[in-house]
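# Observations on the three-dimensional arrangement
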Amino acid sequence: MSRPDPWQSLATLTAARIALGRAGNSLPTAAVLSFDVAHALARDAVHQVLDVDGLVARWREMGGAEPLVVHSQAIDRHTYLQRPDLGRCLDEASAAMLLAQHLPDAPDVAIVIADGLSATAVHENALPLLDALLPLLDGLRIAPPVIARQGRVALGDEVGAVLGARLVLVILGERPGLSSPDSLGAYLTFAPKIGRLDAERNCLSNIRPAGLTPAAASVKLAWLIRAALARQLTGIGLKDDSETPALSPVLKAER
Amino acid sequence: MSYRASVGSQGYRFADLREVLARASPARSGDALAGIAAQSAAERMAARLVLADLPLRRFLDAALIPYEIDEVTRLIVDSHDAAAFAPVAALTVGEFREWLLDEATGEAKLAALAPGITPEMAAAVSKLMRNQDLIAVARKCRVVTAFRDTIGLPGRLAVRLQPNHPTDDASGIAASMLDGLMYGVGDAVIGINPASDSLPALASLWRMLDELIGRFAIPTQSCVLTHVSSQIRAIEAGLPVDLVFQSIAGTEAANAGFGINLALLREAREAALSLKRGTVGDNVMYFETGQGSALSANAHHGVDQQTCEARAYAVARHFKPLLVNTVVGFIGPEYLYDGKQIIRAGLEDHFCGKLLGLPMGCDICYTNHAEADQDDIDNLLVLLGTAGVNFIMGVPGGDDIMLNYQSTSFHDQLFVRQALGLQRAPEFAAWLASMGLIDGAGHLLPASPDHRLLADLRRRLS
């Protein structure tokens, strides 16, 4: 019943949904369903609850330091989606818990793993990324990882400041695309403190097996972390020296 | 002065005009995020009662953002046409709504009125209008612009072909462009959002578009949607730039966040005009806007997001654009939470833009973290088609794999043309007919496997 487009061979050139054919002026049924399946996966990624226990258990298996678990001031997903300001602040109990940590030495790097807009991305790609990254940070003092529920990028500013870290790395789920519900973002901020601007960060985006692989991302991140600590900055100044297009500073509104 | 009204047994007081407008605005998450939304349904109605009785003139006397600190306010005040305003100068906002809806108010009157209307007046009256009012008045407005084809004529709808690719891959972009042209899409513009911002990479996109348009004599225009300063550099470097694109907002501070000001836009327009690449007109600018942009830059001055958006149209109006596109659902649920808010905002933006004399189009879209889906796109598409929107987006399958959001598709435009009887821009329709892609009634013809466009692309790829 549907009319195929005679240029289907071109579909191998792009992931875009081309040469779909038509049923009347609309899409063939298979194309409608395929789109809606992708949307369903992306929607579920946004609303899925971060499996903190599972992350902690897997982290222990990797032999890492005991993680600290925090929550932002966004009490639930509904609030989180409408109030980005609350997702950038620790709730009272979390702030007190972090303050009570007495780290023997000020860490070079604090790591925050947050759900962001896709818990799916965190479940699938956060630990593989850290597994590849941490050996590359040999010689640096790394704080115990902080796992944050309902967290945005700027939550790392407060976490990093409270822990007295020289630099904070925030790993979180990006706004899921229809073809990338599992995409992770990594943000670096030197001298974290509340009120840092997005232009003062560097970002790696699209970290997932079908995009920038965790292994490739870890190499870029390790380079950036060492460069940021050596030059004592992140943001536009760091980009100018790198020549790697993926290492773009964050100029757009935070996702 | 303060503003007061009662609803039920409760009295409400509003400190100033900004507060009246913000509280009167239909509910949306961005105004709540800014802390300026009405706290209750009754308070919202109290603000609307106040607004309905306000003289329109009040908006000329009281600037929402001071003249001294904001060049957008200065542009609005300095360019106001008192003679054009005269027919409605004695009206209140509530009476203005009725004047707009009156059968005696037609296309000519509305066109003559446009230079006399400020963005704040347009925003104010929109807050007293239901969706059907926004549609009824907008469809009486006619704004026609031209470059290589003519956009905005009665009974016509243009579509931007948006063949984005996450790595700007030339063959991937070419495949999406071919797909779009075969579906009869591309009369508004063929516009690429590049992933790269390096000039050599951008240059190859401009050349690719120019060669395609030239090779087949397609009556349309190209655009590479990068920062305006890069486009000025491209023009200086001799690249074939048709339209100059820029995102704009309604306050000087928000525009600074985009790295632009009015002087830079003026420079860009003059540079594009100097190339004289238009054949049937010289509207060389393409602007994009969207509610929430001022707040996201923390540059809203306590003004609600819909009024800030209307102020962006004053910026656009000054530069005689070919296309103004409100990207209504892209910004996310912290500004427009769900399908209802996105649909309302799309109708408001289209109405305000048309009333101010702009060639309004709409990127009818949503992100995956908004409470919206394809049904919301369909609804707004039919509503804006009915309202006479100048153009919409055409994204293959509705899935933009570069910007990670969903917009209207090549199929969607076929649907709305059929449902509402909307034709393409006349020059582009004639070209499609000459290429054997549509029949005399504008219906898509079955594509032949050895069509010229297809054969040409296959040859280039091999």
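The residue count restarts for each chain, going from 1 along the sequence in the order it is written. Chains and ligands are labelled sequentially in the order written, the chains with letters from A and the ligands with numbers from 1. pLDDT decides what is reported in this predicted model: residues at 70 or higher carry local features, side-chain atom pairs at 80 or more are listed and counted, and totals for whole chains, interfaces and linings draw on all residues regardless. Excluded from the side-chain calculations are hydrogens and water; all other atoms, namely the structure's heavy atoms, are used.

### Points about the nonpolar core
Which entries qualify depends on this criterion: Buried Ala, Val, Leu, Ile, Met, Phe, Trp, Tyr and Cys residues form a nonpolar core when they are joined through side-chain atoms within 4.5 Å. For the exposure calls, accessible area comes from a 1.4 Å probe over protein chains only, and a residue counts as buried if that area is under 20% of its type's maximum, exposed if over 50%, partly exposed in between. Each helix is a run of H or I in the DSSP string that is no shorter than four residues. Each strand is a run of E no shorter than two, and both are numbered from the N terminus.
Counting residues in hydrophobic clusters, the biggest one holds 162 residues, and the most contacted among them are L51, F96 and L100 of chain B. Of all the elements, helix α12 (residues 199-215) of chain B adds the most residues to this core, at eight residues. With 38 residues, the next largest nonpolar core counts A119, V122, L204 and A222 of chain A among its residues.

### Side note on the side chain of D187 of chain B
Residue and element names in this part refer to chain B. Rules: Asp and Glu count as negative and Lys and Arg as positive, but His and the ends of the chain are not part of the count. Criterion for a salt bridge: a side-chain nitrogen of Lys or Arg within 4 Å of a carboxyl oxygen of Asp or Glu. Any pair of nitrogen or oxygen atoms within 3.5 Å is treated as a polar contact; in protein, a donor-acceptor pairing is required on top of that, and neighbouring residues in sequence qualify only through side-chain atoms on both sides. What makes two residues a contact is simply this: any of their non-hydrogen atoms within 4.5 Å.
For D187, the location among the structural elements is in the loop between α11 (170-182) and β6 (189-192). For the buried D187, no salt bridge exists, and the shortest N-O distance to an oppositely charged side chain is 4.3 Å, to R417. Within polar-contact distance, the side chain of D187 engages the backbone nitrogen of A425 at 3.0 Å. For D187, the residues in contact, after removing those within four places along its chain, are D149, I151, L157, A158, V159, T220, Q221, R417, R424, A425 and F428.

### As for the pattern of salt bridges
Under the definition given, this model contains 28 salt bridges over all chains. Across the pair R77 of chain A and D115 of chain A runs a salt bridge whose closest N-O atoms are separated by 3.6 Å. A residue pair is termed long-range when its members are at least 10 positions apart, and R77 of chain A in helix α3 (residues 77-82) and D115 of chain A in strand β2 (residues 109-116) qualify at 38 residues. Across this residue pair, the class does not change: R77 of chain A and D115 of chain A are buried. Note that R344 of chain B is salt-bridged to E348 of chain B, the shortest N-O span being 2.8 Å. With R344 of chain B and E348 of chain B both in helix α18 (residues 339-355) and four residues apart, the pair spans about one turn of that helix. Connected via shared salt-bridge partners are R148, D210, D242 and R277 of chain B.

### Re the packing of aromatic side chains
For clarity, the cut-off: Centres within 6.5 Å make a pair out of two Phe, Tyr or Trp rings, where for Trp the six-membered ring is used; the pair is then stacked when the planes are under 30 degrees apart, edge-to-face when over 60, and tilted otherwise. As a reminder, the over-ring test applies to NZ of lysine and CZ of arginine, requiring each to be within 6 Å of the ring centre and within 35 degrees of the ring normal.
Applying the stated criterion across every chain yields a total of seven aromatic pairs over all chains. Stacked on the ring of Y80 of chain A, the Lys or Arg R152 of chain A has its end atom at 4.3 Å from the ring centre. Of note, R175 of chain A hangs over the ring of F330 of chain B, and the distance from its end group to the ring centre comes to 5.1 Å.

### A short note on the packing of helix α6 (residues 119-133) of chain A against helix α8 (residues 214-231) of chain A
Residue and element names in this part refer to chain A. Selection criterion: Structural elements are reduced to axes, namely lines fitted to C-alpha atoms, with helices fitted over the stretch in contact, and the angle between N-to-C directions of any two is expressed from 0 to 180 degrees. Convention used here: angles under 35 degrees read as roughly parallel, angles over 145 as roughly antiparallel, angles from 65 to 115 as roughly perpendicular, and any remaining angle as oblique. Crossings are classed by handedness, with left-handed meaning an anticlockwise turn of the near helix from the far one by less than a right angle and right-handed meaning a clockwise turn. Note on residue categories: nonpolar means Ala, Val, Leu, Ile, Met, Phe, Trp, Tyr, Cys or Pro, charged means Asp, Glu, Lys or Arg, and polar means any other residue, Gly included.
Closest axis-to-axis distance for the α6/α8 pair is 8 Å, and the angle between their directions is 55°. Considering the angle they form, α6 stands oblique to α8. The chirality of how α6 crosses α8 is right-handed. For the pair formed by α6 and α8, the contact residues are P128, L129, A132 and L133 on the first element and P214, A215, A217, S218, L221, A222 and I225 on the second. A class-by-class count of the residues in the contact of α6 with α8 yields ten nonpolar, one polar and no charged.

### Describing the pairing of strand β3 (residues 146-149) of chain A
Residues and elements named next belong to chain A. The test is simple: Two strands make a pair as long as DSSP finds a minimum of two bridges between them. Seen with its strands pointing away from the viewer, a crossover is right-handed if its path from the first strand over the helix to the second goes clockwise.
Relative to β3, strand β1 (residues 68-71) runs parallel, the two sharing four bridges. Counterpart to V70 in the pairing with β3 is A148. Sheet topology places β2 next to β3; three bridges connect them, and they run parallel. Within the sheet, the bridge partner assigned to A114 lies in β3 and is A148. For the segment spanning β2, α6 and β3, crossover handedness is right-handed.

### Some points on the pairing of strand β12 (residues 391-394) of chain B
Residue and element names in this part refer to chain B. With four bridges joining them, strand β5 (residues 158-161) and β12 adopt parallel strand pairing. What sits directly across from L161, in β12, is G394. Bridge analysis of strand β11 (residues 360-363) against β12 gives two bridges, and the strand direction is parallel. When the sheet's bridge partners are listed, G361 is paired in β12 with F391. Chirality of the crossover, the property in question, places the unit of β11, helix α19 (residues 374-387) and β12 among those that are right-handed.

### Section: the confidence of the model for chain A
Heads up, the rule is: By definition, pLDDT measures how confident the predictor is in each residue, and it falls between 0 and 100.
When pLDDT is averaged along chain A, the result is 91, and 93% of the positions lie at 70 or above. The low-confidence segment residues 240-255 of chain A, where pLDDT is below 50, has 42 contacts with residues more than four positions distant or belonging to other chains.

### Regarding the packing of α18 of chain B against α19 of chain B
Helix-helix packing is characterised by the crossing angle of the two axes and by the distance between the axes. All names here are of chain B. As a packed pair, α18 and α19 sit with axes 10 Å apart at the nearest point and diverge in direction by 20°. Considering their axes alone, α18 and α19 lie roughly parallel with respect to each other. Along this stretch, α18 crosses α19, giving a crossing that reads as right-handed. In contact with G339, I342, I343, G346, L347 and H350 of α18, α19 contributes D376, N379, L380, L383, L384 and A387. Split into classes, the residues belonging to the contact of α18 with α19 amount to seven nonpolar, four polar and one charged.

### What about helix α15 (residues 262-275) of chain B?
Residue and element names in this part refer to chain B. Cut-off, in case you're wondering: Here the expected length of a helix is defined as 1.5 Å per residue gap, with one fewer gap than residues.
When the terminal C-alpha atoms of α15 are compared, their 21 Å separation across 14 residues agrees well with the 20 Å that a helix rising 1.5 Å per residue should span. Burial in α15 covers these residues: L262, L264, L265, A268, R269, A271 and A272. Next to the buried residues of α15 lie α5 (71-78), α13 (228-236), β8 (244-247), β9 (285-289) and α17 (305-318). Near the N-terminus of α15, the side chain that reaches the backbone nitrogen of A263, with its oxygen 3.1 Å away, is that of N261. Looking one or two places after α15, you find K276, whose phi comes out positive at around 50°.

### Things to note about the state of the cysteines
Residue and element names in this part refer to chain B. Selection criterion: Criterion for a disulfide: a pair of cysteine sulfur atoms within 2.5 Å.
Taken as a whole and assessed by the stated rule, the structure comprises zero disulfides over all chains. With no disulfide of its own, C223 has C365 as its nearest cysteine by sulfur position, at a separation of 17 Å. Free cysteine: C352, not disulfide-bonded; nearest cysteine sulfur from C141 at 11 Å.

### Considerations on the sheet that holds β6 of chain B
All names here are of chain B. Read from one edge of the open sheet, eight strands run β7-β6-β5-β12-β11-β10-β9-β8, paired in parallel fashion. Each edge of the sheet is formed by a strand with only one pairing partner; in this case those strands are β7 (222-224) and β8. Neighbour to neighbour, the strand axes of the sheet diverge by 25° on average, direction disregarded. Bridge count between β6 and β7: three bridges; the pairing is parallel. Note on β7: the bridge partner recorded for I190 is S222. Seen against the sheet, α11 touches β5 and β6 and runs at an angle of roughly 165° to β5. Its contacts with the sheet put α17 on β9, β10 (323-327) and β11, and the angle it makes with β9 is roughly 170°.

### Some points on the interface of chain B and chain A
Going by this rule: Using a 1.4 Å probe, buried area is obtained as the accessible area two parts lose upon being combined, added over both of them.
Each side of the interface is counted separately: chain B has 49 residues, and chain A has 41 residues. Counting each side, the surface lost to burial between chain B and chain A is near 3600 Å², with a carbon and sulfur contribution of 57%. Three residues stand out in chain B for area buried against chain A, namely N368, H369 and H411 of chain B, and they jointly supply 18% of the buried area on that side. The tally of links from chain B across to chain A stands at two salt bridges. A salt bridge links R17 of chain A to D399 of chain B; its shortest N-O distance comes to 2.7 Å. Inspection of the region where chain B meets chain A yields 18 residue pairs in polar contact (both at pLDDT 80 or more). When contributions to the side of chain B that touches chain A are tallied by element, the ones reaching two or more residues are α2 (29-33), α11, β14 (405-406), α20 (410-420) and α22 (452-461) of chain B. Take the side of chain B that touches chain A: its biggest share by element is seven residues, from α11 of chain B.

### Here's the deal with the environment of R28 of chain B
All names here are of chain B. Mapping R28 onto the fold places it in the loop between α1 (17-24) and α2. On a C-alpha basis, the gap between R28 and A38 in space is 10.0 Å, while along the polypeptide they are ten residues apart. Setting aside residues no more than four positions away along its own chain, R28 makes contact with Q291, Q305, Q306, Y335, L336, Q341, R344, A345 and E348. Among the polar contacts listed, one links the side chain of R28 to the side chain of E348, at a separation of 2.7 Å.

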